[in-house]
Amino acid sequence: MDSHNSRVLFVSSESRPFASTGGLSDVADALPVELNRKGLRVERIMPLFRAVVDGQKKGGYSIHRTPHTLVIPLGMELIPADIYACEHQNTLTYFVGNEEFFDRKELYALPHREYRDNFERFLFFQKAVVALIDGLGRPYDVVHCNDWQCGLIPALLEKGINGTGRDGQEKTLMTIHNLAYQGVAEATKLFLTNLPGNTLDQYPELEFYGKLNQLKAGLVGADRVSTVSPTYAREIETESFGCGLEGVLKGLDTPVKGIVNGVNVEQWNPETDPALPANYTAKALSGKEQCKQALLKEFGLSYHKELPLFVLISRLVSQKGVDLISQAMENMMQLPLQFVLLGSGQEEYQNMVLSWQERWPENFSCFIGYDADLSHRIEAGGDFFLMPSVFEPCGLNQLYSLRYGTLPIVNRVGGLVDTVQDLRLDASHGTGFVMSATSPESLLECVREATSLFHDKKRLRTVRQRGMNQDVSWANCAGEYIELYNSL
Ligand code: ADP
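The rules behind the values
Residues numbered from 1 in each chain as written. Predicted model: local features only at pLDDT ≥ 70, side-chain atom pairs only at ≥ 80, totals over all residues. Heavy atoms only, no water. Near = heavy atom within 4 Å. Polar contact = N/O pair within 3.5 Å; in protein donor to acceptor, adjacent residues only side chain to side chain. Areas by Shrake-Rupley, 256 points an atom, 1.4 Å probe, with all protein chains shown as cover. Helix = DSSP H or I, 4+ residues; strand = E, 2+ residues; numbered from the N terminus. Nonpolar A, V, L, I, M, F, W, Y, C, P; charged D, E, K, R; others polar. Domains from an automatic or database assignment. Pairing = 2+ DSSP bridges. Salt bridge = Lys/Arg side-chain N within 4 Å of Asp/Glu carboxyl O. Buried < 20%, exposed > 50% of the residue type's maximum accessible area, 1.4 Å probe, protein only. Right-handed = clockwise from strand over helix to strand, strands pointing away.

A.B. asks: Requested: an account of the site of the ligand, with residues and values cited.
C.D. replies: Taken together, 19 residues lie near the ligand, and Gly23, Arg315, Lys320, Gly369 and Leu396 sit nearest. Measuring from an oxygen atom of the ligand, one finds a backbone N or O atom of Gly23 at 2.6 Å. The separation between an oxygen atom of the ligand and a polar side-chain atom of Asn397 is 3.1 Å. Contact with the protein chains removes 94% of the 560 Å² of surface that the ligand exposes when unbound. Ranked by residue count, the leading element in the shell around the ligand is strand β13 (residues 309-316), at three residues. When its residues are assigned to classes, the shell around the ligand shows six nonpolar, eight polar and five charged. Counting only domains with at least three residues in the shell around the ligand, you end up with domain 1 (7-262 + 475-487) and domain 2 (286-471).

A.B. asks: Outline the pairing of strand β4 (residues 77-88), listing residues and values.
C.D. replies: By the bridge criterion, eight bridges tie strand β3 (residues 64-74) to β4 in an arrangement that is antiparallel. Bridging from a neighbouring strand, Thr69 pairs with Asp82 of β4. With antiparallel pairing between neighbouring strands as the criterion, β3 and β4 make up a hairpin whose turn holds two residues, including Gly75 at a positive phi of roughly 65°. Hairpin connection of β4 to strand β5 (residues 91-97): two residues between the antiparallel strands, including Gln89 at a positive phi of 50°.

A.B. asks: So what about the pattern of salt bridges? Which residues, and what values?
C.D. replies: For the coordinates displayed, the defined rule picks out 24 salt bridges. Across the pair Arg16 and Asp26 runs a salt bridge whose closest N-O atoms are separated by 3.1 Å. Placement of the pair is Arg16 in the loop between β1 (7-11) and α1 (23-37) and Asp26 in helix α1, with a sequence separation of 10 residues. Among the salt bridges present, the one from Arg464 reaches Asp383, with a minimum N-O distance of 2.7 Å. Here the residue Arg464 occupies a position in helix α17 (residues 457-469), and Asp383 occupies one in the loop between α13 (372-381) and β16 (384-387), the gap between them amounting to 81 residues. Neither residue differs from the other here; Arg464 and Asp383 are each classed as buried. Taken together, the shared-partner salt bridges connect Glu34, Arg37, Lys38 and Glu266 into one network.

A.B. asks: For the pairing of β16, give the residues involved together with the corresponding values.
C.D. replies: Burial along β16 is two-sided: Phe384 and Leu386 facing one way and Phe385 and Met387 facing the other are all buried. Bridge analysis of β13 against β16 gives two bridges, and the strand direction is parallel. Note on β16: the bridge partner recorded for Val311 is Phe385. Sheet topology places β16 next to strand β17 (residues 407-410); four bridges connect them, and they run parallel. From the neighbouring strand, Met387 faces β17, where its bridge partner is Val410. A crossover connection joins β16 to the parallel β17 through helix α14 (residues 397-403); in handedness this β-α-β unit is right-handed.

Written as structure tokens, this is what we have:
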């Protein structure tokens, strides 16, 4: 396959600037754009969430209705899918519209529970993807599926949305952005797929402990599987990280390929970032101190030149190591230091974080919510970025932190290992601190080291510059995806 003529459909449940809950949307945003820049012909498709419609003005894009209205079978029901489109950054995106399924406040879940019809919603989406491929009448070479919301696509491409078979030559790549989310549903929902036969025993590739597992279907059904870092690719073949799918992954004909995510270096550039109160570069860092002062003010904390500022931006879920921070918090806050946090997620974690604010009002402050501009100001204003994730497929915040001269403190897992060099192991190449174990003690040890580095201004500056000069752009990793597409 000549990569310059390859036509790729990039299927993802979310993409910036249209709708976003996490790292997948950053990848879905930047990777197709970079691949198009390199000469491929990549188009995207995602659901028409309410956020896509509402975000047009702020996001600087406009969507339009296409002539395609598809009729999608879900079991005995026929449901219409209206197809919208938008050209943004030289990349065409299709949106699958259906008010009942996607015109909702959130993408997947309310704060206390997931939407109960997520299986129906995303099965509908996946069937609409296959129906649109056929409706467009110009075949794609590769359908690039991402996470469980695309897991059934390889099977649907083969068997058709009515289960009556389909002629298609597309190759499929299934990329795992987070193995912990698998799209598991009750076996009784199998009939909604319209696959022939109505018991799961006929479909071992879908079956998972008596239930239907969409991600497993994608892993088994796709021509190739990849994930977002080489270390995570190895980890997920083990019981500790495999989330029950380690056996399936180990049994694949070709091993899972790990490709580290890049950063959208135009959006994340401290030299030009419009969200910042002052811009700066690796050579001229003084604006960073101004960002710190403004950030502390924004969070209601006073500025002390001699106090390091630790920051954290995250979904508040156990994966992100919030429990480790909680266990280390008492000792950490005595060091002394200041700490600013932006996050939202599980209610108990939100409450815990709010209680820290009451306990240490002088030195800790948080904002519970999702705010993209604020996340840029935090990346710029912080001295150190905390990311003690229990597992981390790739992680993006540590990459943004490197770019903004905010030294990352990360756990020794997944993509964090592949992107941050430990200063304690290699003083002349180190870019941050890597915990030696998943424990509050290891985290505390790194925080202590960071505080002492903070007082060695010359060395701090050197390490900051080293991180800022590291190439974290998509240019290299996009090349690896092209090789992978070609290998199909
Ligand atoms: P994950 O995808 O597991 O949530 P990543 O580090 O890969 O973690 O990506 C997280 C992305 O979401 C980053 O772009 C990060 O800045 C953003 N993010 C997470 N929580 C928030 C929040 N509360 N407000 C703004 N941005 C957030």
